[in-house]
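A closer look at the structure
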Amino acid sequence: MEYDLVVRGGRVVTGAEIMDCDVGIQGGRVAALGANLPGARTLDAGGLLVLPGGVDTHCHIEQTDGGVTNEETFVTASESAFAGGTTSVICFSGQERGRPIRETLEPYRQAASKAMLDYSFHQTITDPTDAVVRDELPAIVESGIRSFKVFLTYDRVHIDDRQYLRVLAAARRLGALVTVHCENYEAIRWRTEALLADGRTGAKYHGWSRPTIVEREATHRAIALAELVDQPIQIFHVSCDEVAEEIARAQARGLKVWGETCTQYFVLTADDMDRPGMEGGKYICSPPPRGAGENEKLWARVRRDTLDIVSSDHSGHSVFGTRGKSRHGADANFRDIANGVPGLAARLPLVFSEGVSKGRIDLNRFVRLVASNPARLMGLYPRKGTIAVGSDADLALWDPDRKVTLTQALMQHAIDYTPYEGMEVTGWPVATLSRGEVVMRDGKVQAEPGRGRFLPRAPYDLIRPTGVLPDGFDAAAVLA
Ligand SMILES: [Zn+2]
C-alpha cells in the first residue's frame, strides 16, 4: 500500500526511543514506522530529528480578563505555535465572579473554532457557588474539559481555602485534575502596599512583592489541602528550587502532585526586571523570574522528575497599545503592569538549546518535557505527544545543529515583543506537521483557520484519586 505522505530518512525521537526510520502517514495519523515506506508524497527528513509536535498545556489565548481580551487570537497563536514546532495547546476558559461559567465558555468555544492547531481547555473557577458546582461543572467535565484551574492570588480571581476545598471535592467526584497558581494573596498585597508607600515602584519591585516564600507557602498549602481531600493536582509554573522541594516531598509521600515549570524560569532572572521603565516591565510575570543560579537548580529538579513538564504560560500582552503593559503609562508602577510573557514559539527552541544542546538533558527527556508528559497528564496521550502507529501525525522536523538568534519576527505572534530577543539557540524546527498536513516549512506558516479541532478528554487513570484519605473520612462525598 502507498501512504498519503512519507517523512523519509529522519531520526524519530519519542519520550522513550530513538529510531532511524520513515514515518508513513495515512488519513492524518501515523500508519507505519519502517524502512523504505512507499508514499504518494515524500518529505525529506535526512539529517533531521523527527519529534512529536509540542504540546503546550499552559497558554493564554484570546482570553478575556476584567473586560480586556488578549491580543493573541486563536489564529495568531496557531501561527506562533506552528512556527515553533508546537501543534496542540490547552488554554483557559474563564469565569467572571458572580456569573455562570456558560456566559464565558460559549463565546470562548466560538473564538476557538477559528484555531488552526488542535486545542483543549482548562476551566478556570473563580467563584465555586452551589449553582456552578452542582449545575455547571458536571456537564463541563462531561464535555471533555477534564481539568480545572484555580488561582490562590490576583484580585479578581483568587479563591480562599474553603473555596479551594470545594473545587478539589468537585474535581474528585467528577474525575478532573486541578491545576493551581500558587502564591499567597494577602502576603503579596501587604508587601505591595509597603513597597509603593516607600516609593519603590519600578518593575524590579514586582519581584520584591512576591519573593519565593509566598510561592512556597501557597504550594505547601495547595498540596496539604489536596492531600486532605485526596485529589490529584498539578502545581503550575514552579519558579524556584524551594517550591520544587515541596513537590518532591509530596511525591515521596506517594501523593499525586505534579510540577510544571516554564521556559522563562530557565533563561530569565530577577535582573531582567531591573531595567528602566517599561523595559523592565517586559519581564514581569508571576511568579517572577528569580535570582541567578536558580535556573541550574531547576534543571536538577527536571532531571529528578520532580518537574516533568515545561510549558510557556504564553500571555498575550504587548508593551504598547490600549491592552499593553504600558496602558497605565510608561512609568506605571509595577502593580499596574499586566503580568505575563509571550513564549509559544520560543519554548521548544529554548528548552532544546538550553537542555539538549548544552548537555543538561537527553533527547528523550526533552520530548517527554515538551510533548509526552503534558499529553499524558492532560489525558491526550497517545493521540498526542508521541510518534506511534495510530497517533495523530503531529510532527516537528528539527535541525539539531541550526544556530538561530531569536527575534520578535521569528515568533510570529500578535504580541509586539519577545523577552527572548537576541538569545542564541542551537536547534530549530524546519517544518511542522499537524495531522499529516505540513503547516509550517522554513518559517512559512500555511494553514486554514478553523482546521484545528477541540480535543475532548475522557476519564483516564493517571488522575484518579489514590483512595487514601488521612483518616478514612471522605468529607468531599458528604458536602457537595
Ligand atoms: Zn498562566
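Residues numbered from 1 in each chain as written. Predicted model: local features only at pLDDT ≥ 70, side-chain atom pairs only at ≥ 80, totals over all residues. Heavy atoms only, no water.

1. A word on the pattern of salt bridges
Where charged atoms of side chains with opposite charge meet at close range, the side chains can pair. One pass over the full model with this rule turns up 35 salt bridges. Residue Glu279 pairs with Lys282 through a salt bridge whose shortest N-O separation is 3.2 Å. What makes Glu279 partly exposed here is its relative accessible area of 37%. Residue class for Lys282 comes out buried when judged on its relative accessible area of 18%. What emerges from the salt-bridge pattern is a single network uniting Arg29, Asp118, Arg383, Lys384, Asp392, Asp394 and Arg435. (Salt bridge = Lys/Arg side-chain N within 4 Å of Asp/Glu carboxyl O. Buried < 20%, exposed > 50% of the residue type's maximum accessible area, 1.4 Å probe, protein only.)

2. What to know about the side chain of Arg365
By the secondary structure assignment, Arg365 is in helix α13 (residues 363-377). Setting aside residues no more than four positions away along its own chain, Arg365 makes contact with Val302, Arg303 and Asp305. (Helix = DSSP H or I, 4+ residues; strand = E, 2+ residues; numbered from the N terminus. Contact = heavy atoms within 4.5 Å.)

3. Comments concerning empty space enclosed by the protein
Inspection of the entire model under this criterion finds two cavities of 30 Å³ or more. In this model, the largest cavity occupies a volume close to 40 Å³. In terms of lining, the largest cavity is formed by Ser239, Tyr265, Leu268, Thr269, Pro289, Arg290, Gly291, Glu294 and Asn295. When its residues are assigned to classes, the lining of the largest cavity shows three nonpolar, four polar and two charged. The volume enclosed by the second largest cavity comes to roughly 30 Å³. What lines the second largest cavity is Gly53, Thr87, Arg383, Lys384, Gly385, Thr386, Asp392 and Asp394. Here the lining of the second largest cavity is composed, by residue class, of no nonpolar, four polar and four charged. (1 Å grid on protein atoms, 1.4 Å probe; cavity = no way out; pocket = protein on both sides within 12 Å on 5 of 7 lines; lining within 4 Å. Points joined across faces, edges and corners; volume = space filled by probe spheres on them. Nonpolar A, V, L, I, M, F, W, Y, C, P; charged D, E, K, R; others polar.)

4. Details of the packing of helix α4 (residues 161-174) against helix α7 (residues 212-229)
Direction vectors running N to C along α4 and α7 enclose 45 degrees, while the axes themselves pass 10 Å from each other. With respect to α7, the element α4 is oriented oblique. Where α4 crosses over α7, the two elements pack in a sense that is right-handed. In this structure, α4 uses Asp161, Tyr164, Leu165, Leu168, Ala169 and Arg172 to contact α7, whose residues at the interface are Arg221, Ala222, Leu225, Ala226, Leu228 and Val229. (Axes fitted to C-alpha atoms, helices over the stretch in contact; angles between N-to-C directions. Parallel < 35°, antiparallel > 145°, perpendicular 65-115°, else oblique. Left-handed = near helix turned anticlockwise from the far one by under 90°.)

5. What about the sheet that holds strand β10 (residues 118-124)?
Taken in spatial order, the eight strands line up as β6-β9-β10-β11-β12-β13-β14-β15 in an open sheet, and their pairing is parallel. What marks the edges here is a single partner per strand, and that holds for β6 (54-56) and β15 (307-311). Adjacent strand axes in the sheet meet at a mean angle of 30 degrees when their direction is disregarded. Bridge count for strand β14 (residues 257-262) against β15 is four bridges, and the pairing is parallel. Each bridged residue has a counterpart across the sheet, and for Cys262 the counterpart in β15 is Ser311. Sheet strands touched by helix α2 (residues 102-112): β9 (86-93) and β10. Its angle to β10, the strand with the most contacts, is close to 160 degrees. Lying on the sheet, helix α8 (residues 241-252) is in contact with β13 (233-235), β14 and β15; it crosses β14 at an angle near 155 degrees. (Pairing = 2+ DSSP bridges.)

6. Here's the deal with the nonpolar core
Tyr164, Val178, Ile233 and Phe366 are the most contacted members of the largest nonpolar core, which totals 122 residues. Looking at this core, the element that brings in the most residues is α13, giving eight residues. What Phe366 contacts, discounting residues up to four positions off in sequence, is Leu51, Leu348, Val351, Phe352, Val356 and Ile361. Membership of the second largest hydrophobic core comes to 18 residues, among which are Ile25, Leu48, Leu397 and Val430. (Core = buried A, V, L, I, M, F, W, Y, C linked by side-chain atoms within 4.5 Å.)

7. Remarks on the coordination of the zinc ion
Reference values for angles at a metal are 109.5 degrees in the four-donor tetrahedral case and 90 or 180 degrees in the six-donor octahedral case. Around the zinc ion, the donor atoms from the protein are His58 (NE2), His60 (NE2) and Asp313 (OD), and they sit 2.1 to 2.2 Å away. Read from N- to C-terminus, the donor residues coordinating the zinc ion fall into the pattern H-x1-H-x252-D. With a gap of 253 residues between them, His60 in the loop between β6 and β7 (64-65) and Asp313 in the loop between β15 and α12 (347-357) connect regions that are remote in the sequence. Pair check on accessibility: His60 and Asp313 agree, each one buried. (Donors = N, O, S within 2.8 Å, 3.2 Å for Na, K, Ca; no water.)

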